[in-house]
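# Observations on the three-dimensional arrangement
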Amino acid sequence: MSEDVHALLGPYIVGAVSDEECADFEAHLATCSSCTEDVANLLEVTAVLGEAEAVAPPLSLRARVMDEIAVTAQVTPTATPIAATATVAPADATVTALADHPRRRRFTLIGVAAASLLVLAGVGIGIGSAVQDRQQQLAFEKDVMMVTSAPDAHAMDLELGSAHLVMSERMDAVVVMGDDAPMPHDGMEYQLWLVMDDGKAMPGPTFMPDDGSFMAMMHAGFDGVVAFAITEEPHGGSEAPTSDPIAVTEI
Amino acid sequence: MSSDRHLRAVDDSYHAPDGVTLGTSGTGEVITPRGLVRAANLDSLLTQAARGSGAAFEQIYDNISGAVYGTALRVVRDPQLAEDVAQEALVEVWRTAARFRPDAGSARAWILTIAHRRAVDRVRSEQAHTTRLRHHGKPDDKQAPTDNVVDTMFAEWEAARVRAGLAELTELQREAIILAYYKGYTHREVSEALDIPLGTAKARLRDGLMKLRDMWEVAR
């Protein structure tokens, strides 16, 4: 398998791969520094091939592009560790190797009894799948919008695919959302945790990416909260973390 | 970098003084053989564009829209389609500029990779693969020379370098790269068109690219 993926280097550089192979290879890149280096300099080779084709574009192109970017929002920087050259759309798979995060912090998460929680409610969905009920989804999206558009909303990077986290003290809520998240291991789900200043972790909602996309919201007070963490937990979630966090965002 | 070695790769008919600069563009910008000044500039412009600078993006446009459009045109062939692809690619550059990592490659490579993938995707969605294979069959490297060359000296130098580089490859390496890069063939289609095993097709693509890299010393 990894032998096969390795052999996709040449085809990948010239775009001669299927979307699926592209995703496989980019996942491989996150764990293979030799391929990452080859990708970086072989894409300079294809850049020469492209540059040699340069011709004056139609004059209309400039206006079309400038008009469109004027109304196009930009993505925020993400913690993608692999060659940025590998993160292009439409197979826009920013594959992140959880095992290989250089900036990952180690937190020891200590569970607390559910009874002592400040947590009021949490809900997580894989966009478009887990919530079948359209009304319920609309209500969820409205809540998310209220949090993300709150005057004190504060966005932070979250190292799970291309993700970020928005917290609002005024709304007593935090929302995590993102794209390109890898699937958790079989039988596992992601779970959000609030990490307290004494190292204890308060459980939040569980969620599964749907085609890499996910969104989850948690209502909670933030007194004493120093970080947010994501772990993989058995289906249904845990009262206390059973594994090391795969992503940590400090406040 | 060894300029001697670079110049050897250039078409014999093309002579450059001492291999240091090949000339100046209309605006007087000095063009080095590898467009190094331009390239470094493009990296920093893209970083500025990532932070929302429209002015930086306009400079990026002026710098690379010719290559973006030309790459798209070479792959999709239809000027109208190529303009659509170029627009999509350049807007994507703006949208995702924050994902550019200067330590993982040049801005030029990052942008042209986006353009090429967009063009290939368009070709694949526009045409049934089987039809394409039947019609084109073996590669045809002869392409009508394009007029309206932007940044003439640089593009000519690059084109000469590409011709000379491709000529150094084995026939299989060259044909595999031409089918895949310029025509948007998948590696499976390459193996079919050239009647070679799939593993051989993949290996020839890799070998060919690495040979070009070593010839051009484009590694960063």
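The paragraphs below set out a description of the structure included in this document. Numbering of residues starts from 1 in every chain and runs along the sequence as written. Here the convention is simple: chains get letters from A, ligands get numbers from 1, in the order in which they are written. Given that the model is predicted, a residue must reach a pLDDT of at least 70 before its local features are reported, and side-chain atom pairs must reach 80 or more before they are shown or counted; all residues, however, enter totals for whole chains, interfaces and linings. Side-chain calculation: all heavy atoms of the structure are included, whereas hydrogens and water are not.

## A closer look at the nonpolar core
Judged by nonpolar contacts, the single largest core of 87 residues is most densely connected at F25(A), F57(B), I60(B) and V68(B). Setting aside anything within four residues of it in sequence, one finds F25(A) in contact with V5(A), H6(A), L8(A), L9(A), Y12(A), C35(A) and V39(A). Grouped together as the second largest cluster of nonpolar side chains are 25 residues, M156(A), A181(A), F214(A) and F228(A) included. Here, the term nonpolar core denotes a set of buried Ala, Val, Leu, Ile, Met, Phe, Trp, Tyr and Cys residues that are joined through side-chain atoms within 4.5 Å. Accessible area is worked out with a 1.4 Å probe on protein chains only. A residue is then buried under 20% of its type maximum, exposed over 50%, and partly exposed in between. In this description, contact between two residues means that some pair of their heavy atoms is separated by no more than 4.5 Å.

## Focus on the interface of chain A and chain B
Bring the parts together and some accessible area is lost; that lost area is often taken as the interface size. Taken residue by residue, the interface counts 62 residues in chain A and 78 residues in chain B. The term buried area refers to how much accessible surface (probe radius 1.4 Å) is lost by two components on association, counted for both of them together. The contact between chain A and chain B buries some 6200 Å² in all, and 61% of this surface belongs to carbon and sulfur atoms. Just to be clear on terms, a salt bridge is a Lys or Arg side-chain nitrogen sitting within 4 Å of an Asp or Glu carboxyl oxygen. Connecting chain A to chain B are 9 salt bridges. A salt bridge links R62(A) to D62(B); the shortest N-O distance between them is 2.3 Å. Elements represented by at least two residues in the side of chain A that touches chain B include exactly helix 2 (9–13), helix 3 (19–29), helix 4 (33–51) and helix 5 (59–70) of chain A. Helix numbering and strand numbering both begin at the N terminus, where a helix is a DSSP run of H or I of at least 4 residues and a strand a DSSP run of E of at least 2. With 13 residues, helix 4 of chain A is the single largest residue contributor to the side of chain A that touches chain B. Split into classes, the residues belonging to the side of chain A that touches chain B amount to 37 nonpolar, 15 polar and 10 charged. Each residue is assigned to one class: nonpolar for Ala, Val, Leu, Ile, Met, Phe, Trp, Tyr, Cys and Pro, charged for Asp, Glu, Lys and Arg, and polar for all the others, Gly among them.

## Topic: the side chain of T46(A)
On the secondary structure map, T46(A) appears in helix 4. Discounting residues that sit within four places of it in the chain, T46(A) has contacts with I13(A), V14(A), Y181(B) and L209(B).

## Re helix 9 (residues 187–194) of chain B
Residues and elements named next belong to chain B. Burial analysis of helix 9 places 6 of its 8 residues in the buried class, which makes it a mostly covered element. Of the positions making up helix 9, those classed as buried are H187, E189, V190, S191, A193 and L194. Note on helix 9: the residue one or two positions beyond its end, D195, has a positive phi of about 55°.

## A few points about the packing of aromatic side chains
Pairs were defined over the aromatic rings of Phe, Tyr and Trp, the Trp ring being its six-membered one, requiring ring centres within 6.5 Å. Orientation was assigned from the angle between planes: stacked under 30 degrees, edge-to-face over 60, tilted for the rest. Counting across every chain of the model gives 7 aromatic pairs over all chains. Both rings, one in Y190(A) and one in F207(A), keep their centres 5.8 Å apart while their planes meet at 40°; by these two values the pair is tilted. With Y190(A) in strand 6 (residues 188–196) and F207(A) in strand 7 (residues 200–207), the pair connects residues that are 17 residues apart, well separated along the chain. Pair check on accessibility: Y190(A) and F207(A) agree, each one buried. Each ring, one from Y181(B) and one from Y182(B), has its centre 5.2 Å from the other, and the planes form 85°; the classification is edge-to-face. Of the two residues, Y181(B) and Y182(B), both sit in the buried class. Joined through ring pairs, the aromatic side chains of Y190(A), F207(A) and F214(A) make up one cluster.

## With respect to the packing of helix 3 (residues 54–76) of chain B against helix 5 (residues 107–126) of chain B
Residues and elements named next belong to chain B. Axis separation between helix 3 and helix 5 bottoms out at 9 Å; the angle between their running directions is 30°. The angle between the axes of helix 3 and helix 5 places the two elements in the roughly parallel class. Where helix 3 crosses over helix 5, the two elements pack in a sense that is right-handed. Between helix 3 and helix 5, the residues in contact are I60, I64, A67, V68, T71, A72, V75 and V76 and R108, I111, L112, A115, H116, A119, V120, R122 and V123, respectively. Residue classes in the contact of helix 3 with helix 5 are distributed as 13 nonpolar, 2 polar and 2 charged. To get an axis, a line is fitted to the C-alpha atoms, and for a helix only the part in contact is used. The angle between two axes follows their N-to-C directions and goes from 0 to 180 degrees. Any angle between 65 and 115 degrees counts as roughly perpendicular, while under 35 counts as roughly parallel, over 145 as roughly antiparallel, and the rest as oblique. Crossing handedness: left-handed means the near helix sits turned counterclockwise from the far one by under a right angle, and right-handed means the same turn made clockwise.

## A short note on the pattern of salt bridges
Evaluated as defined, the whole model comprises 16 salt bridges over all chains. Between R62(A) and E58(B) there is a salt bridge, and its shortest N-O distance comes to 3.0 Å. With R62(A) in helix 5 and E58(B) in helix 3, this residue pair bridges two chains. Since its relative accessible area comes to 35%, E58(B) is described here as partly exposed. Here E83(B) makes a salt bridge to R64(A), at a shortest N to O gap of 3.1 Å.

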